[in-house]
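# Understanding the architecture of this molecule
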Amino acid sequence: MNGFYAVLDRDDEALARALLTVARVLQVRIKPGAANEILRAAQLARRVCDEVGAKLIVNDRVDIALAAGADGVHLGQTDLPVAEARRFGPKLLVGVSTHDVAQVERAVAAGADYLGFGPIFETKTKDNPDPVQGIAGLRAAVTAARGTPIVAIGGIAASAVADVYAAGASAICAIRAVNHASDVALAARAFNPATLHAS
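Basis of the calculations
- Residues numbered from 1 in each chain as written.
- Predicted model: local features only at pLDDT ≥ 70, side-chain atom pairs only at ≥ 80, totals over all residues.
- Heavy atoms only, no water.
- Helix = DSSP H or I, 4+ residues; strand = E, 2+ residues; numbered from the N terminus.
- Expected span 1.5 Å × (residues − 1).
- Buried < 20%, exposed > 50% of the residue type's maximum accessible area, 1.4 Å probe, protein only.
- Contact = heavy atoms within 4.5 Å.
- Axes fitted to C-alpha atoms, helices over the stretch in contact; angles between N-to-C directions.
- Parallel < 35°, antiparallel > 145°, perpendicular 65-115°, else oblique.
- Left-handed = near helix turned anticlockwise from the far one by under 90°.
- Polar contact = N/O pair within 3.5 Å; in protein donor to acceptor, adjacent residues only side chain to side chain.

## What about helix 2 (residues 35-52)?
In this model helix 2 runs 26 Å from its N-terminal to its C-terminal C-alpha over 18 residues, within 8% of the 26 Å that 1.5 Å per residue would give. All buried positions along helix 2 are accounted for by Ile38, Ala41, Ala42, Leu44, Ala45, Arg46, Val48 and Cys49. Here the buried face of helix 2 lies against strand 1 (3-8), helix 1 (13-19), strand 2 (25-28), strand 3 (55-59) and helix 3 (62-67). Looking one or two residues beyond helix 2, the residue adopting positive phi is Gly53, at roughly 75 degrees.

What follows is the structure, given as structure tokens:
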């Protein structure tokens, strides 16, 4: 879990390919979405991920992750517990969305492979977002995670990328700022730490 963590938020092969010019992890997250729609997007994402050697994660749905042959599942606070997800898919990577230090500590204790943490800044991707955590909150989460990789998410603009990585994030997820850009691949590169070293 390093660098830009991409999210495919619609059934769109061109978008998946553009995201994977930079990302090596692609999460399928279609909300709202019927199971057959999510599965169709996950199957196309699996094919594209295989072409470039990227990992495929499915949001929320362990059943769809298994049906699509995904590498992992990403669970929210109201989804299956980590132990139950592993019972159904023992080989799946399991990520957990966290929004404060207590949730980070619980997810780490449960054995999550990586954590999503945020929102770091104000976000418009969710209708009812959790409280903004800021860079200080991210630093505290990284400490509490004790080495479990953290994907920072929520309202992160390209101008904040250096600060987010400096706070200890392993990866950054940006959905709106990338997926709705006129040049998706160019926008995605701004969230890759390699871009910082090159500039």
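Let us keep going from here.
## Some details on the packing of helix 5 (residues 101-110) against helix 6 (residues 134-145)
Running from N to C, helix 5 and helix 6 cross one another at 25 degrees; their axes reach a closest spacing of 9 Å. It follows that helix 5 is roughly parallel to helix 6 by the angle criterion. Once helix 5 is placed against helix 6, the crossing between them reads as right-handed. The residues of helix 6 that touch helix 5, namely those facing Val101, Val104, Glu105 and Val108, are Ala140, Ala141, Ala144 and Ala145.

## Points about helix 6
If you check helix 6, its first and last C-alpha atoms are 16 Å apart, about what 12 residues at 1.5 Å a residue would give, namely 16 Å. Buried residues of helix 6: Gly134, Ile135, Gly137, Leu138, Ala141, Ala144 and Ala145, and no others. Where the residues of helix 6 are buried, they touch helix 5, strand 6 (114-117), strand 7 (150-153) and helix 7 (161-166). Just beyond helix 6, the residue with positive phi is Arg146, at close to 50 degrees.

## What to know about the environment of Arg86
Note on placement: Arg86 falls in helix 4 (residues 82-88). Residues Arg86 and Pro131, 45 residues apart in the sequence, show an inter-C-alpha distance of 29 Å. Not counting residues up to four positions away in its chain, the partners in contact with Arg86 are Leu92, Val94, Gly111, Ala112 and Asp113. Among the polar contacts made by the side chain of Arg86, one reaches the side chain of Asp113 at a distance of 3.0 Å.

Keep in mind that these numbers describe shape and distance, not what the molecule does.
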